[in-house]
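So you can see what is in the structure, the chains are spelled out below.
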Amino acid sequence: MSGYLRIVRGDATSEEIAALVAVLAARRTAPEAPAAPPARTWRNPARQMRKPLSPGKSAWRTSALP
(Lines give C-alpha, C1' and ligand atoms only; values in the text may rest on other atoms or scores of the structure.)
Protein backbone atom coordinates (compact mmCIF):
# COMPACT_ATOMS: atom_id res chain seq x y z
CA MET A 1 0.00 0.00 0.00
CA SER A 2 1.54 3.27 -1.05
CA GLY A 3 0.30 6.22 1.01
CA TYR A 4 0.67 9.95 0.86
CA LEU A 5 2.43 10.14 4.23
CA ARG A 6 6.00 8.95 4.57
CA ILE A 7 8.17 9.00 7.69
CA VAL A 8 11.58 10.27 6.57
CA ARG A 9 13.46 10.41 9.85
CA GLY A 10 12.86 9.17 13.37
CA ASP A 11 10.77 6.39 14.82
CA ALA A 12 7.12 7.42 15.02
CA THR A 13 4.68 5.24 16.93
CA SER A 14 1.31 4.33 15.47
CA GLU A 15 -0.39 6.70 17.96
CA GLU A 16 1.75 9.62 16.80
CA ILE A 17 1.00 8.88 13.16
CA ALA A 18 -2.73 8.64 13.95
CA ALA A 19 -2.61 12.00 15.73
CA LEU A 20 -0.83 13.58 12.77
CA VAL A 21 -3.37 12.17 10.31
CA ALA A 22 -6.24 13.43 12.49
CA VAL A 23 -4.80 16.96 12.57
CA LEU A 24 -4.22 17.01 8.82
CA ALA A 25 -7.74 15.70 8.17
CA ALA A 26 -9.24 18.36 10.46
CA ARG A 27 -7.40 21.13 8.61
CA ARG A 28 -8.71 19.88 5.29
CA THR A 29 -12.40 20.29 6.16
CA ALA A 30 -14.22 23.36 4.88
CA PRO A 31 -14.18 26.38 7.20
CA GLU A 32 -17.33 27.09 9.12
CA ALA A 33 -19.54 29.83 7.71
CA PRO A 34 -19.38 33.10 9.68
CA ALA A 35 -22.28 33.78 11.98
CA ALA A 36 -24.91 36.12 10.63
CA PRO A 37 -25.13 39.50 12.36
CA PRO A 38 -28.06 39.95 14.71
CA ALA A 39 -31.19 41.06 12.90
CA ARG A 40 -32.34 44.64 13.22
CA THR A 41 -29.31 46.11 14.91
CA TRP A 42 -30.59 49.58 14.19
CA ARG A 43 -33.23 49.03 16.90
CA ASN A 44 -30.62 48.20 19.52
CA PRO A 45 -30.96 50.68 22.42
CA ALA A 46 -27.21 50.54 23.03
CA ARG A 47 -26.69 52.53 19.83
CA GLN A 48 -28.37 55.52 21.48
CA MET A 49 -25.82 55.62 24.28
CA ARG A 50 -23.37 58.47 24.04
CA LYS A 51 -19.71 57.68 23.49
CA PRO A 52 -17.25 59.14 26.00
CA LEU A 53 -15.89 62.55 25.11
CA SER A 54 -12.21 62.81 24.34
CA PRO A 55 -10.82 66.30 24.84
CA GLY A 56 -8.23 67.52 22.42
CA LYS A 57 -7.74 69.08 19.05
CA SER A 58 -10.97 69.07 17.00
CA ALA A 59 -12.91 67.35 19.80
CA TRP A 60 -15.94 69.53 19.12
CA ARG A 61 -16.02 68.26 15.55
CA THR A 62 -15.84 64.56 16.45
CA SER A 63 -18.34 64.84 19.33
CA ALA A 64 -21.30 64.96 16.92
CA LEU A 65 -20.16 62.03 14.79
CA PRO A 66 -21.52 58.55 15.52
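Scroll up a little and you will see the structure.
Let us look at the structure shown here. (Residues numbered from 1 in each chain as written. Predicted model: local features only at pLDDT ≥ 70, side-chain atom pairs only at ≥ 80, totals over all residues. Heavy atoms only, no water.)

What about a nonpolar patch on the surface?
Selection criterion: Residues enter a patch when their relative accessible area is above 30% and they make no salt bridge; the linking distance is 9 Å between like charges and 5 Å between nonpolar side chains (Val, Leu, Ile, Met, Phe, Trp, Tyr). Throughout, the Shrake-Rupley method with a 1.4 Å probe supplies accessible areas, and for residues the shown protein chains are the sole cover considered. A side-chain nitrogen of Lys or Arg and a carboxyl oxygen of Asp or Glu constitute a salt bridge if their distance falls within 4 Å. Helix and strand assignments come from DSSP, with helices taken as H or I runs of at least 4 residues and strands as E runs of at least 2, each series counted from the N terminus. Here's how the labels work: a residue is buried when its accessible area is under 20% of the maximum for its type, exposed when over 50%, partly exposed in between, all with a 1.4 Å probe on protein chains only.
A cluster of nonpolar side chains, namely Leu5, Leu20, Val21 and Leu24, defines an oily patch on the protein surface of about 320 Å² accessible area. Relative to the elements of secondary structure, valine 21 occurs in helix α1 (residues 14-28). Owing to a relative accessible area of 41%, valine 21 belongs among the partly exposed residues under this scheme.

Section: the environment of isoleucine 17
Rule in force here: Working rule for contacts: check all heavy atoms of both residues, and any pair within 4.5 Å makes them a contact.
Among the secondary structure elements, isoleucine 17 is positioned in helix α1. Judged by its relative accessible area of 29%, isoleucine 17 is partly exposed. A sequence separation of 10 residues divides isoleucine 17 from isoleucine 7, and the C-alpha atoms of the two residues are 9.0 Å apart. With residues near it in sequence (within four places) discarded, isoleucine 17 still touches Leu5, Ile7 and Ala12.

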